[in-house]
Amino acid sequence: MLVLAGPGSGKTLVITERTRHLITEYGINPANILVITFTRAAATEMKERFLRLMGGKSSAVTFGTFHAVFFMILKHAYHYQAENIIREEQRVSCMREIIKRHRLEYEDESEFIAALLGEIGLVKNSGISLDHYYSTNCGEEVFRRVYSEYHEYLYAHHLIDFEDMLLYTWELFKERKDILAAWQKKYPYILIDEFQDINQIQFEVVRLLAGEQRNLFVVGDDDQSIYRFRGAKPEIMLRFEREIPGTKTVLLDTNYRSQANIVEDALNLIGHNKERFQKRIRAALPAETGVEYAVFEDQRKENLRIIRDICDAVERGKSYRDFAVLFRTNTQPRLLMEQMMEYNIPFRTRDRIPNLYEHWIAKDIFAYIRIAQGSRERRDFLQIMNRPKRYISRDSLDEDTVAFDVWEWYFREAEQPWVAERIVTLEHDVMQLRRMNPFAAINYIRKGIGYDEFCAEYADYRRIRADELYDVLDELQESARGYEDYDGWFAHIENYTRELERLYQSQEKQSESVALSTLHSAKGLEYENVYLIDVNEGVMPYKKAVLDQDIEEERRMFYVGMTRAKKYLHLFSVKQMNQKDADISRFIAEAGERLSPPCR
Ligand SMILES: Nc1ncnc2c1ncn2[C@@H]1O[C@H](COP(=O)(O)OP(=O)(O)OP(=O)(O)O)[C@@H](O)[C@H]1O
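Residues numbered from 1 in each chain as written. Predicted model: local features only at pLDDT ≥ 70, side-chain atom pairs only at ≥ 80, totals over all residues. Heavy atoms only, no water.

An unreviewed UniProt entry lists the protein chain under the name DNA 3'-5' helicase, with Roseburia hominis as the source organism. For the protein chain, the Sequence similarities (unreviewed entry) comment in UniProt is given as "Belongs to the helicase family. UvrD subfamily." (UniProt positions renumbered as here; feature names shortened; annotations may be inferred.)

1. Remarks on the site of the ligand
In the vicinity of the ligand, the residues found are Gly6, Pro7, Gly8, Ser9, Gly10, Lys11, Gln224, Tyr256, Arg257, Gly524, Glu526 and Arg564. Partitioned by chemical class, the residues of the shell around the ligand number two nonpolar, six polar and four charged. Inspection of the shell around the ligand shows a minimum of three residues originating in each of domain 1 (2-79 + 166-252) and domain 3 (266-346 + 512-591). (Near = heavy atom within 4 Å. Nonpolar A, V, L, I, M, F, W, Y, C, P; charged D, E, K, R; others polar. Domains from an automatic or database assignment.)

2. Description of the layout of surface pockets
The volume enclosed by the second largest pocket comes to roughly 610 Å³. Every residue lining the second largest pocket is counted, 15 residues in all, and those nearest its centre are Glu105, Glu107, Asn386, Arg387 and Lys389. At the level of elements, α16 (378-384) and α20 (451-462) are the ones that each hand at least two residues to the lining of the second largest pocket. For the lining of the second largest pocket, the element with the highest residue contribution is α20, accounting for four residues. (1 Å grid on protein atoms, 1.4 Å probe; cavity = no way out; pocket = protein on both sides within 12 Å on 5 of 7 lines; lining within 4 Å. Points joined across faces, edges and corners; volume = space filled by probe spheres on them. Helix = DSSP H or I, 4+ residues; strand = E, 2+ residues; numbered from the N terminus.)

3. Some points on the environment of Gln200
With respect to the helices, strands and loops of the structure, Gln200 is situated in helix α9 (residues 200-210). When near neighbours in sequence (up to four residues on either side) are disregarded, Gln200 contacts Asn125, Lys233, Ile236 and Arg239. A polar contact of 2.8 Å, which involves the side chain of Gln200, links it to the side chain of Glu204. (Contact = heavy atoms within 4.5 Å. Polar contact = N/O pair within 3.5 Å; in protein donor to acceptor, adjacent residues only side chain to side chain.)

4. As for the pattern of salt bridges
Tallied over the full model, the rule gives 49 salt bridges. Its salt-bridge partner being Arg228, residue Glu553 comes within 3.5 Å of it at the nearest N-O pair. With a gap of 325 residues between them, Glu553 in helix α23 (residues 548-562) and Arg228 in the loop between β5 (216-220) and α10 (234-238) connect regions that are remote in the sequence. Using a relative accessible area of 5% as the deciding quantity, one classes Glu553 as buried. Linked by salt bridges that have partners in common, Asp221, Asp222, Asp223, Arg276 and Lys279 make up one network. (Salt bridge = Lys/Arg side-chain N within 4 Å of Asp/Glu carboxyl O. Buried < 20%, exposed > 50% of the residue type's maximum accessible area, 1.4 Å probe, protein only.)

5. Here's the deal with the UniProt feature "domain: UvrD-like helicase ATP-binding" (unreviewed entry) in the protein chain
In the numbering used here, UniProt assigns the feature "domain: UvrD-like helicase ATP-binding" (unreviewed entry) to residues 1-259. Each end of residues 1-259 is marked by a C-alpha atom, and these two atoms are 29 Å apart; helix forms 52% of the span and strand 12%.

6. Concerning empty space enclosed by the protein
The full count for this structure, using the stated rule, is one cavity of 30 Å³ or more. Roughly 40 Å³ of volume is contained in the largest cavity. Every residue along the wall of the largest cavity is listed here: Pro7, Asn255, Val263, Ala266, Leu267, Ile281, Tyr559 and Thr563. When residues in the lining of the largest cavity are grouped by element, the largest group, three residues, is from helix α12 (residues 260-270).

7. Let's talk about a nonpolar patch on the surface
On the surface, Val406, Trp409 and Tyr410 cluster together to form a nonpolar patch covering roughly 320 Å² of accessible area. By secondary structure assignment, the location of Tyr410 is in helix α17 (residues 404-413). (Patch = residues over 30% accessible without salt bridge, like charges linked within 9 Å, V, L, I, M, F, W, Y side chains within 5 Å. Areas by Shrake-Rupley, 256 points an atom, 1.4 Å probe, with all protein chains shown as cover.)

8. Some thoughts on the pairing of strand β12 (residues 514-518)
Most of β12 is tucked away, with five of its five residues classed as buried. Alternating residues of β12 divide into Val514, Leu516 and Thr518 and Ala515 and Ser517, and every residue in both groups is buried. Of the strand pairs in this sheet, strand β10 (residues 323-327) and β12 are connected by four bridges, and their pairing is parallel. What sits directly across from Leu326, in β12, is Ser517. Sheet topology note: the strand β11 (residues 347-349)/β12 ladder contains three bridges and is parallel. Within the sheet, the bridge partner assigned to Arg348 lies in β12 and is Ala515. (Pairing = 2+ DSSP bridges.)

9. Focus: the sheet that holds strand β13 (residues 527-532)
Taken in spatial order, the six strands make up an open sheet running β9-β14-β13-β10-β12-β11, and their pairing is parallel. Each edge of the sheet is formed by a strand with only one pairing partner; in this case those strands are β9 (291-296) and β11. Taking the axes of each pair of neighbouring strands and ignoring which way they run, one obtains an average angle of 20 degrees across the sheet. In terms of strand pairing, β13 meets strand β14 (residues 565-574) through five bridges, oriented parallel. Bridge pairing in β14 places Asn529 opposite Tyr568. Lying on the sheet, α23 is in contact with β10, β13 and β14; it crosses β14 at an angle near 130 degrees. (Axes fitted to C-alpha atoms, helices over the stretch in contact; angles between N-to-C directions.)

10. Points about the side chain of Glu590
Mapped onto the secondary structure, Glu590 falls in helix α24 (residues 586-591). Using a relative accessible area of 12% as the deciding quantity, one classes Glu590 as buried. Those residues within four positions of Glu590 in sequence are excluded, and the remaining contacts are Asn268, Leu269, His272 and Arg555.

11. As for the packing of helix α5 (residues 109-126) against helix α7 (residues 162-175)
Their axes nearest at 9 Å, the elements α5 and α7 cross at an angle of 15 degrees. With respect to each other, α5 and α7 are oriented roughly parallel. Along this stretch, α5 crosses α7, giving a crossing that reads as left-handed. Facing Gly121, Lys124 and Asn125 of α5, the residues of α7 in contact are Glu163, Asp164, Leu166 and Leu167. A per-class count over the contact of α5 with α7 returns two nonpolar, two polar and three charged. (Parallel < 35°, antiparallel > 145°, perpendicular 65-115°, else oblique. Left-handed = near helix turned anticlockwise from the far one by under 90°.)

12. Some words on the sheet that holds strand β2 (residues 33-37)
Here we have six strands laid out as an open sheet, ordered β3-β2-β4-β5-β1-β6, and parallel in their pairing. Pairing within the sheet leaves two strands with one partner each, and these edge strands are β3 (62-65) and β6 (249-252). Neighbour-to-neighbour, the strand axes of this sheet turn through a mean angle of 15 degrees, independent of strand direction. Across four bridges, the pairing between strand β1 (residues 2-5) and β6 is parallel. Counterpart to Leu4 in the pairing with β6 is Leu251. Contacts from helix α1 (residues 11-24) reach β1, β2, β4 (189-192), β5 and β6, with the element oriented near 160 degrees to β5. Here helix α2 (residues 40-53) sits on the sheet and contacts β2 and β3; the angle it forms with β3, its principal contact strand, is near 160 degrees.

13. Considering the nonpolar core
By size, the foremost hydrophobic cluster in this structure holds 110 residues, and its most contacted members are Ile361, Trp407, Val514 and Leu532. In terms of residue count, the dominant contributor to this core is helix α15 (residues 360-372) (10 residues). Ignoring anything within four residues of it in the chain, the contact list for Ile361 reads Tyr451, Cys455, Leu469, Val472, Leu473 and Leu476. Formed by 33 residues, the second largest nonpolar core is a distinct cluster that contains Phe66, Leu172, Ile190 and Val218. (Core = buried A, V, L, I, M, F, W, Y, C linked by side-chain atoms within 4.5 Å.)

Pasting the structure below:
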C-alpha cells in the first residue's frame, strides 16, 4: 500500500497505528514487523510513540534506519562488528592522505574532503557508473583514482562505509537466495516512512526483501522530497504503483497543522511542479491568520523587522520558542545572528553556521590588512604572496620576518626582474591599504590588487562558480561597512566569534530560543510563526539550480518551509543584497496572487 500524505497530515501516527493494528487486531507476531525510517532520530521517535501507544510495554517490532537494518543483515552474514564501520575521522584522514599523494590543490581542506566524499557517496548511492561520472571537484581521471584508492583503503582495513552497507546487502540478497528467504520469512510486514527520500539501491533491497508477497506499506509525500543531491529518487514513489503490482493508494488529504491560508498558498506554489502526484489537500483549521509578504530595502532592515516582531510578541507573553527563521543556505543567517546578538534575542541553530571570518578568503584579506598595518611575519606573506599569482617562490622567504627591499633584491640577484617588480607593486599596494578604512581596503584588494581575478582562476580550477567566492567577499565587505579603522572591525570580529562559540556550547540547553534553520533541517518540524527570509532569485531558487528538475527540487524545499508554519507565515524578500539589486523570487508570485502587496 502506498500512503500519499500531505504536510501536517499525521504520517507518524499512521505508521504507529498500523503497527499496533497488525498486532492487536490481526494477531501478527511483533517480531515479524519491520519499520524503516531515514534518520536515527526519526526511528527513536517512532519507537517511543509506538511504545506509548502500546501502554509502555516493550515490543519485538524492529524499528531502524535503512543503514541499521542492513548492517544487522550483514552482521549475520559476514560477522561484521561495529568496528568494521569506518568512522568519520578515519574517512577524512584517509582522504587527506590521498589528496596529498596526488598533490591536489585546494584552499579549504575540510570543504574539499567533504565535497569529494560526498561525490563518492553519490556515485555509490545512485548506481552511476564511475566511467560516466563527471566530477564537480576535480578532473575525471583524478576522481577515478581518488575513488579507487579510497576503496583500496577500506578493503585493506576490513572496513565498510554507509554506502557499502546498502550495496553489500543488495549483493548478498542477489547471490544467496537462502539468506534472502530467511529474512523474507523473518519480516513479512515492512513499513517505510518518508518514502519519497528512498534511493535506487535502497529500493532494490526492499523489493527483494518484500519478495513475492510484496507486503509493503510505504508512507511519503513526493512534494517533500528534498534530498536528490544525496541520491534520493522521488520518481521511485511516482512509479511505485507500476513497479509493485497490486498496490493500493490512499491519500491523507487533511492538513492538521497550518491555517487554511497557509495551506492554500503552499498548494498554489507546489502546483507549479510537473513531476508530482496531483493531490487536493484541505486544511482542518480555518483561515484566521494570513500569509504576509513584504519587501525590504536590504537584509539589515529585513532582520530588524523580525527582531521587532519577536520582541513585541515576547512582551505580550509569547515564547521565543514559537518563532523560527528559515533560509536556503547556512551562510544566509550570519547578519541576522549578529543583529540578534545585539538585541539579546536567544536563538539556536539546527545547522552548524560557518563563521564567515574563518573562511580562507577572510584569512587572506586579514593577512593583507595585517601587512598593511605593519606585520612583517613570514606566514602573512606566504598566505597572500601568490594571491593573485605573482610567481613568487617560497624559497625566497627563508627568514621569520620579511623586508621588502631584501626580498626584491633576492629576485634581482636571481635575474628575475619581473618578479622583483611585482614585489615593488605589492609594497606600494600595502602602503595604499594602510590609509584606507576596512570597506575601501577590501575593495582595493579585490579590484586594485587583483584578488577577484585570482578567485575566478581558482573557481575555474576547482570547477566551482566564481560567484560563490565573490559572495564571500561581498559579505565580508558588507560586514566591514561603517567601521572607521581596522582595529574596530577586528574587535567586532573577535567578539562575534567568541559569542558564536559560546552559543554552540550552550545551545543544547537553550530550548527557550528562536530556531534558525535551513529548509533541509526544518523538515518534519512545526512552529507557530515562520519567517522565510531572502525570498529572492538566486537564493530561492538557488543560483545553482538551472535544469527544470533542479528548480522543482527548489520549489519543494520552499514548500517544506512554508508548511512548517502553524499560524503565521511571513515571506520576506529584499531589494538589495550586498549592495546589489536583487530580484524577488518567482515563488512569491507562484504562491498566490492574493498575497498582500509589498508593504515596505
Ligand atoms: N488526526 C489528527 N487530528 C488532529 N491533529 C492531528 C492529527 N494528526 C496529526 N495532527 C497534528 O498535526 C500536526 C502535524 O502532524 P505530523 O507532524 O505528524 O505531520 P506529518 O504528516 O509528519 O507532517 P510533515 O510531513 O509536514 O512533517 C501535529 O501538530 C499533530 O499533532
